[in-house]
Structures are given as C-alpha cells and as structure tokens.
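Per-entry structural report
In case you want the letters, here they are:
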Amino acid sequence: MSFKSSPVVPPLTRPQLSEARRVRAAELFDQGRPGAEIARMLGVSEESVRRWRRVWEKDGADALRRRPATGRPPKLDDAQVERVRAALEQGAQTHGFEADLWTLERVGLVIQRMTGVTLSKASVWRLLTGRLGWSLQRPERRAVERDESEIARWIAHEWPRIKKGP
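Thresholds, definitions, all that
- Residues numbered from 1 in each chain as written.
- Predicted model: local features only at pLDDT ≥ 70, side-chain atom pairs only at ≥ 80, totals over all residues.
- Heavy atoms only, no water.
- Phe/Tyr/Trp six-rings, centres within 6.5 Å; stacked < 30°, edge-to-face > 60°.
- Buried < 20%, exposed > 50% of the residue type's maximum accessible area, 1.4 Å probe, protein only.
- Helix = DSSP H or I, 4+ residues; strand = E, 2+ residues; numbered from the N terminus.
- Expected span 1.5 Å × (residues − 1).
- Contact = heavy atoms within 4.5 Å.
- Arc of directions from axis to C-beta.
- Salt bridge = Lys/Arg side-chain N within 4 Å of Asp/Glu carboxyl O.
- pLDDT = per-residue confidence, 0-100.

Counted by the stated rule, this structure contains three aromatic pairs. Ring geometry for Phe97 against Trp102: centres 6.0 Å apart, planes inclined by 75°, an arrangement best described as edge-to-face. For Trp102, a relative accessible area of 22% translates into the label partly exposed.

So, in structure tokens, the structure goes:
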C-alpha cells in the first residue's frame, strides 16, 4: 500500500477569516437570527453585526465579500512568488551563501537574480511574511566551547546533590 502526500492547505489569512465571518453572518440573517446571538456565535461585537446587517439589507450578501485590493499591483506575480519560494526552500548555501541562513538582503539578491525585480528590505519582509507566510526565526546562540555530554552529566549528578543541600 502506498500513500500520496496530500497538498498542504495553507491556513486562512485574516482577511479570508473576516470574509468568512461576514458570509456566515449573512446566512444567519437569512435564518432570522437575532444580532446578539450572531455576535456570540461569530465572536464579534454586536455593532459589527448591526453594520453588516445594514450592508446586507441594502446590497445583499455579495456586498459582504472582500473587494480586490486597490493601489499599485505587486511587482511579483504569483508564478514568480512560487519560484522564489521553491528557491528559498533549497537553502541559502545552494545559492552561494556561506551560511545556511536567510537575511532580507540575501532574499532580495535571490529575488533579483531570479526575476530581475529589485525589492526594498521592507518589500522583501512583506513578501516573506505576507505572501509566503514565513516568520522571523533567530538561530540560538551557543558557545563554541559548549560540551553537551558534560552538561548532561552535571544535570544528572551535580544538580541533584546541590538541590538537596547540606
């Protein structure tokens, strides 16, 4: 018997969760549920429910859906972002860096090499945290002289002796 890995479903973003909440509210409006009950069920304030109800009564359930973002379109399209994701998952050393550690500058260089697009550090940060869903990870600092076996021995033998006291 063999198993195929199922595609990973990314968690919903805040805007997606908010939209889902509003759409659920519209379904509950159709059922004639009171605002206070809807607010409790959805974990929102009654004022939000009243505001959504006004929009729903005026323009219908579609008016509660998210609208596309306005403003300048992103410099990288979805296909480019996925190519960047794949490249970053290979690790920094694969791209010629000494340590396998990503910094904003390094990610920016990889993006520039792959797509020809130059992004500021702030834009790289937004790409990593927003579109890719990555988070800041800092490596633990450990002394070069650290001896794990000596630490384990101390914890097993010395610490209980000290803890007991005289």
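Still more to cover.
Compared with an ideal rise of 1.5 Å per residue, which puts 17 residues at 24 Å, helix H1 (residues 14-30) spans 25 Å between its outermost C-alpha atoms and is within 8% of the ideal. Looking only at H1, the buried set comprises Glu19, Arg22, Ala25, Ala26, Leu28 and Phe29. Buried residues along H1 sit against helix H2 (35-42) and helix H3 (46-59). Positive backbone phi, at 80°, marks Gly32, one or two positions downstream of H1.

Residues Ile38, Ala39 and Leu42 constitute the buried set of H2. Down the axis of H2, the sector holding all buried residues measures 100°, keeping them to one side. Gly43 sits one or two positions beyond H2 and adopts a positive phi of about 70°.

Bringing the pattern of salt bridges into the picture now. Overall, the coordinates contain 14 salt bridges when judged by the stated rule. With a shortest N-O distance of 3.0 Å, Arg50 and Glu47 are connected by a salt bridge. One end of the pair, Arg50, and the other, Glu47, are both in helix H3, three residues apart, so they sit about a helical turn from each other. For Arg50, a relative accessible area of 42% corresponds to the partly exposed category. On the basis of relative accessibility, which here comes to 35%, the residue Glu47 falls in the partly exposed class. In this structure, Glu148 engages Arg146 in a salt bridge whose closest nitrogen and oxygen atoms are separated by 2.5 Å. Given a relative accessible area of 44%, Glu148 falls into the partly exposed group. Residues participating in the shared-partner salt-bridge network are Glu140, Arg142, Arg146 and Glu148.

Now for the confidence of the model for the protein. With 93% of its residues at a pLDDT of 70 or more, the protein shows a mean pLDDT of 89. Counting interchain partners and residues more than four positions distant, the pLDDT-below-50 stretch residues 1-6 has zero contacts.

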